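Descriptive structure summary
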Amino acid sequence: MRTLVVGGTGTVGRPLAAELVRRGHEVRVLSRSGGTAGTAGAVGRRGDVATGTGVDEAVAGVDTVADCLNVETVRRGPAEAVLVRGTRRLLDAGAAAGVHHHVLLSIVGIDRIPYPYYAAKLRQEEAVTAGPVPSTVLRATPFHEFVATVARRGRVGPFVLVPRLRTAPVAAVEVARALADAVEGGPCGRAPDIGGPREEEFVDLVRVLLRARGDRGVVVPVVWPGRAGRAMRDGAQLPTGGRRGRQSFDEWLAEHHGPGGSGSADRS
């Protein structure tokens, strides 16, 4: 099977490309640099979905597109400019090239939490399900790797502002395996969600991460206002059924930062 991984140098895209290569796929990775982020066996293609440059060439001869597009901004307008318009370009190019399957990585709870970035992701889902290529949408809970992103974005001097959020974080590599299964399984519309093995409070995760890094930052829990905040606190981003990863955040942290940085004893 010939598969194009869009966002194949990112947190999930990279292990997805590696997993597909391991399973015997012919893998292309679409990125602005044209590289593959060290994924042995994958072929890099230079392109930019935001402008459409190189998209037609990247999808030519491909059976499946695995769409792991992501943007740094959390503002709805700029996010939609890439996620929605970029995905529509991929779908149109895929339909013209005879692509059989478009697999989209999305986020658990985006239809239950009124948050600008989630609104953009929801529109991206709608573009895929209404698009010209048979599709699968797989929603995942936040990745273990995302905890560091939240800590970085929330840094204000010695303080780290972290929203109150109940979720079940999952390892990116386990999301990648679920996406690879979706690629091989064929179009099914909405696939069962994937989440981590247990419920966590995001504030606790950031505290443990900082401790593991030897970072003396002071975590300040923030109650997000309005309906979005209530939904986050009420567990709107917890998976309901579906598939569960096996690696807990503590286990992931021990793997990446050593055993001294994890374990329930460190959560006091």
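Shown above is the structure to which this text applies.
Below you will find a few notes about this structure.

Scanning the model with the defined rule gives five aromatic pairs in all. Aromatic pair Tyr 115 and Tyr 118: ring centres 5.2 Å apart, planes at 70 degrees, arrangement edge-to-face. What makes Tyr 115 buried here is its relative accessible area of 16%. Accessibility expressed as a relative area gives 12% for Tyr 118, which makes it buried. Measuring from ring centre to ring centre gives 5.6 Å for Tyr 115 and Trp 224, while their planes differ by 75 degrees; the resulting arrangement is edge-to-face. Residue Tyr 115 is located in the loop between strand S5 (101-107) and helix H4 (116-129), and its partner Trp 224 is located in the loop between strand S13 (218-222) and helix H8 (226-233); the two are separated by 109 residues in the primary sequence. Taken together through their ring pairs, the aromatic side chains of Tyr 115, Tyr 117, Tyr 118 and Trp 224 make up a single cluster.

Looking now at the side chain of Gln 247. Residue placement: Gln 247 occurs in the loop between strand S14 (243-244) and helix H9 (249-257). With relative accessibility at 16%, the residue Gln 247 sits in the buried group. Side-chain polar atoms of Gln 247 contact the side chain of Glu 255, separated by 2.9 Å. Once you skip the residues sitting within four places of it in the chain, Gln 247 turns out to touch His 144, Ala 171, Glu 174, Pro 197, Trp 252 and Glu 255.

Now for the pattern of salt bridges. Summed over all chains, the structure comprises 16 salt bridges. Measuring nitrogen to oxygen at the nearest pair gives 2.8 Å for the salt bridge that ties Arg 23 to Glu 19.

This paragraph deals with unusual backbone geometry. Positive phi, normally seen in glycine, also occurs at Ala 37, with a value near 55 degrees. Note on Ala 37: relative accessible area 33%, which makes it partly exposed.

A few words now on H4. End to end, H4 covers 20 Å across 14 residues, agreeing with the expected 20 Å (1.5 Å per residue, within 8%). Buried residues of H4: Tyr 117, Tyr 118, Ala 120, Lys 121, Gln 124, Glu 125, Ala 127 and Val 128, and no others. On its buried side, H4 packs onto strand S4 (64-67), helix H3 (76-97), S5 and strand S6 (135-140).

On to the pairing of strand S1 (residues 2-6). With four of five residues buried, S1 is to be regarded as a mostly interior element. Sheet analysis places S1 next to strand S2 (residues 26-31), joined by five bridges and oriented parallel. Within S2, the residue paired with Arg 2 across the bridge is Glu 26. Inspection of the sheet shows S1 paired to S4 by four bridges, in the parallel sense. Note on S4: the bridge partner recorded for Val 5 is Ala 66.

About the criteria used
- Residues numbered from 1 in each chain as written.
- Predicted model: local features only at pLDDT ≥ 70, side-chain atom pairs only at ≥ 80, totals over all residues.
- Heavy atoms only, no water.
- Phe/Tyr/Trp six-rings, centres within 6.5 Å; stacked < 30°, edge-to-face > 60°.
- Buried < 20%, exposed > 50% of the residue type's maximum accessible area, 1.4 Å probe, protein only.
- Helix = DSSP H or I, 4+ residues; strand = E, 2+ residues; numbered from the N terminus.
- Polar contact = N/O pair within 3.5 Å; in protein donor to acceptor, adjacent residues only side chain to side chain.
- Contact = heavy atoms within 4.5 Å.
- Salt bridge = Lys/Arg side-chain N within 4 Å of Asp/Glu carboxyl O.
- Expected span 1.5 Å × (residues − 1).
- Pairing = 2+ DSSP bridges.

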